[in-house]
Amino acid sequence: MMTWKTLMSPDSASPLMEQLTFLHDHALMILLMITVLVGYLMASLFFNKFNYRYLLEGQTIEMIWTILPAVILIFIALPSLRLLYLLDEVNNPLVTIKTIGHQWYWSYEYTDFANIEFDSYMIPSNEIEDYHFRLLDVDNRITVPYNSQIRMIVTAADVLHSWTIPTIGVKIDATPGRLNQISFLLNRTGIFFGQCSEICGANHSFMPIVMESISPEYFINWIHYMSEI
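Everything quoted here is computed from the prediction, not taken from an experiment. (Residues numbered from 1 in each chain as written. Predicted model: local features only at pLDDT ≥ 70, side-chain atom pairs only at ≥ 80, totals over all residues. Heavy atoms only, no water.)

Enquirer: For this particular structure, what's the right way to read the overall build of the protein?
Expert: Along the protein, the regular secondary structure elements total three helices and 10 strands. The order of helices and strands in the protein, counted from the N terminus, is α-α-β-β-β-β-β-β-β-β-β-β-α. Here the protein has a C-alpha radius of gyration of 24 Å; the compact-globule value for 229 residues is 17 Å, and the former is much larger. For the protein, the C-alpha atoms occupy an extent of roughly 90 × 40 × 35 Å along the three principal directions. Evaluated residue by residue, the protein yields a buried proportion of 34% over its 229 residues. Within the protein, counting contacts between residues at least 6 apart in sequence, those at least 24 apart form 65% of the total. Carbon and sulfur atoms form 62% of the exposed surface of the protein, whose accessible area is close to 15000 Å². Taken together, the 11 basic and 22 acidic charged side chains of the protein have centroids lying 13 Å from each other. (Helix = DSSP H or I, 4+ residues; strand = E, 2+ residues; numbered from the N terminus. Rg over C-alpha atoms; globule rule 2.2 N^0.38 Å. Buried < 20%, exposed > 50% of the residue type's maximum accessible area, 1.4 Å probe, protein only. Contact = heavy atoms within 4.5 Å. Areas by Shrake-Rupley, 256 points an atom, 1.4 Å probe, with all protein chains shown as cover. Lys, Arg positive; Asp, Glu negative; His and termini not counted. Charge placed at Lys NZ, Arg CZ, Asp CG, Glu CD.)

Here it is as structure tokens:
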């Protein structure tokens, strides 16, 4: 979870987020090299005394500064395209969760297991305990097993929403009348927080997402408990 004065990306909890972090660092290093080179050239132009009144053209340098940016863009585009296809890849899912966005809460359905359904509302400020995070905790968390392929099917009942958890690298639009799907895998246990990232009305800021990653054995026990209530 992001906190105050956090300058870097949060620690990843999925292979997708790891790859997104690698792409970010790769692009940032290229930008840093470009910035240093251009800064050095501008500083040298300001402070040197070289001049040549008969210089009218430079075919070689013009060819270099045309081809070099194209090569740099290719170095950024190829990893980006690879990651774009990885994000859309749907492997054989062990668990399928249907997510429905409402104004202003989320509904979840585990249709693989006795059709478990529940709503997830933000805990109001006057009801939070010491172990809750204000404006980020919910009354019913999504629970998923780690090291298992999860498929999320997302839609909306009223207006556009966006189901987003930065730690696992997932952001998918919830569109009325349309089913979108995304696949992800969590590689560690933990509690991960997210929010709706599509402006969906007056209480857009108050429909958080909380996902709890647990072991498959505890997940089976949770499924039995939820199916009995």
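Enquirer: Explain the UniProt feature "domain: Cytochrome oxidase subunit II copper A binding" (unreviewed entry) in the protein to me, please; I cannot follow it from the model alone.
Expert: In the numbering used here, UniProt assigns the feature "domain: Cytochrome oxidase subunit II copper A binding" (unreviewed entry) to residues 92-225. With 7% helix and 46% strand, residues 92-225 has end C-alpha atoms that lie 26 Å from one another. (UniProt positions renumbered as here; feature names shortened; annotations may be inferred.)

Enquirer: I'm lost on the pattern of salt bridges in this one. Help?
Expert: Working definition: two side chains of opposite charge can pair if their charged atoms are close together. This model, assessed by the stated rule, comprises three salt bridges. Of the charged contacts, one joins Asp-137 and Arg-141 as a salt bridge, the two residues approaching to 3.5 Å between their closest N and O atoms. With a relative accessible area of 1%, Asp-137 lands in the buried category. A relative accessible area of 25% means that Arg-141 is categorised as partly exposed. (Salt bridge = Lys/Arg side-chain N within 4 Å of Asp/Glu carboxyl O.)

Enquirer: Explain a nonpolar patch on the surface here, please?
Expert: Nonpolar side chains collect at one region of the surface, where Leu-28, Leu-31, Ile-34, Val-38, Met-42, Phe-46 and Phe-47 lie side by side and expose about 750 Å² of accessible area between them. Locating Phe-46 in the fold gives a position in helix H1 (residues 15-47). Residue class for Phe-46 comes out exposed when judged on its relative accessible area of 65%. (Patch = residues over 30% accessible without salt bridge, like charges linked within 9 Å, V, L, I, M, F, W, Y side chains within 5 Å.)

Enquirer: Any chance you could explain H1 here in plain terms?
Expert: Given 3.6 residues to a turn, an α-helix orients residues that are three or four positions apart in the same direction. Under the 1.5 Å per step criterion, the end-to-end length of H1 is 48 Å for 33 residues, consistent within 8% with the ideal 48 Å. Among the residues of H1, Leu-16, Met-17, Leu-23 and Ile-30 are the ones counted as buried. Packed against the buried residues of H1 are helix H2 (59-88) and strand E8 (180-185). (Expected span 1.5 Å × (residues − 1).)

Enquirer: How do you make sense of the sheet that holds strand E6 (residues 161-165) when you look at a structure like this?
Expert: Hydrogen bonding along the main chain pairs the strands of a sheet, whether they run parallel or antiparallel. Taken together, the five strands give an open sheet; going across it, the order is E4-E10-E9-E6-E7, and neighbouring strands pair in mixed fashion. Of all strands in the sheet, those with a lone pairing partner are strand E4 (142-145) and strand E7 (170-174), marking the two edges. Pairs of neighbouring strands in the sheet enclose a mean axial angle of 25°, with direction left out of account. Sheet analysis places E6 next to strand E9 (residues 190-196), joined by two bridges and oriented antiparallel. When the bridges of E9 are listed, Thr-164 appears paired with Gln-195. Sheet strands touched by helix H3 (residues 216-228): E4 and strand E10 (208-214). Its angle to E4, the strand with the most contacts, is close to 135°. (Pairing = 2+ DSSP bridges. Axes fitted to C-alpha atoms, helices over the stretch in contact; angles between N-to-C directions.)

Enquirer: Teacher, can you tell me more about the environment of Ile-223 here?
Expert: For Ile-223, the location among the structural elements is in helix H3. Judged by its relative accessible area of 9%, Ile-223 is buried. Considering only alpha carbons, one finds Ile-223 and Leu-135, 88 residues apart in sequence, at a separation of 27 Å. When neighbours within four sequence positions are excluded, Ile-223 is seen to be in contact with Tyr-110, Phe-113 and Ile-116.

Enquirer: Help me understand the sheet that holds strand E5 (residues 149-156) in this model?
Expert: In space, the five strands of this open sheet follow the order E3-E2-E1-E5-E8, with mixed pairing throughout. With partners counted over all chains shown, the strands left at the sheet margins are strand E3 (116-120) and E8, one partner each. Sheet twist, expressed as the mean angle between neighbouring strand axes with direction ignored, is 20°. Where strand E1 (residues 95-102) meets E5, seven bridges bridge the pair, whose relative direction is parallel. Paired with Thr-99 across the bridge in E5 is Val-154.

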